[in-house]
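What follows is each chain in one-letter form.
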Amino acid sequence: QVQLVESGGGLVQPGGSLRLSCAASGSIFGINAWGWYRQASGGQRELVARITSAGTPNYADSVKGRFTISTDNVKNTVLQMNSLKPEDTAVYYCYALKFGRECWGQGTQVTVSS
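Here the structure is a predicted model, which means the values were calculated and not measured.

**Observations concerning the state of the cysteines**
Applying the stated rule across the entire model yields one disulfide. Shown here is the disulfide that connects Cys22 with Cys94, its sulfur atoms set 2.0 Å apart. Taking the torsion about the sulfur-sulfur bond, which here is approximately -80°, the covalent link between Cys22 and Cys94 counts as left-handed. One end of the pair, Cys22, is in strand β3 (residues 18-26); the other, Cys94, is in strand β9 (residues 90-98), and 72 residues separate them in sequence. For Cys22, a relative accessible area of 1% translates into the label buried. Here Cys103 stays unpaired: no disulfide links it, and the sulfur of Cys94, its closest cysteine neighbor, is 9.6 Å away.

Here is the structure:
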């Protein structure tokens, strides 16, 4: 019912910035939380950041102070990534929580390399 499409991934140098966007379409009413997860090659999918419709953000310790999540609480969420490190290299997935169920995007590759 909800389709999520990420954009903004790519190659960036260490210390650089990247802005990931996620747009929802379909039956978007009822989304109460937005978030971003990432999965490095050979690793597990882990939480990066999420934000509730009330505006409460939550970040992984590894990205605190560097990443910022925002949402318009309607159909878009943005992850601003600053001071990127090679360890941030992963496929980043957008998700939305609707009535207790998670909806996932297809992912966008972020590569941090010199």
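**Quick word on the pairing of strand β11 (residues 108-112)**
A one-sided burial pattern is seen for β11, the buried positions being Thr108, Val110 and Val112 and the unburied ones Gln109 and Thr111. The pairing of strand β2 (residues 10-12) with β11 spans three bridges and is classified as parallel. From the neighbouring strand, Val12 faces β11, where its bridge partner is Val112. Note that β9 and β11 share three bridges and pair antiparallel.

Here is what the cut-offs are and how they apply
Residues numbered from 1 in each chain as written. Predicted model: local features only at pLDDT ≥ 70, side-chain atom pairs only at ≥ 80, totals over all residues. Heavy atoms only, no water. Disulfide = S-S within 2.5 Å. Helix = DSSP H or I, 4+ residues; strand = E, 2+ residues; numbered from the N terminus. Buried < 20%, exposed > 50% of the residue type's maximum accessible area, 1.4 Å probe, protein only. Pairing = 2+ DSSP bridges.

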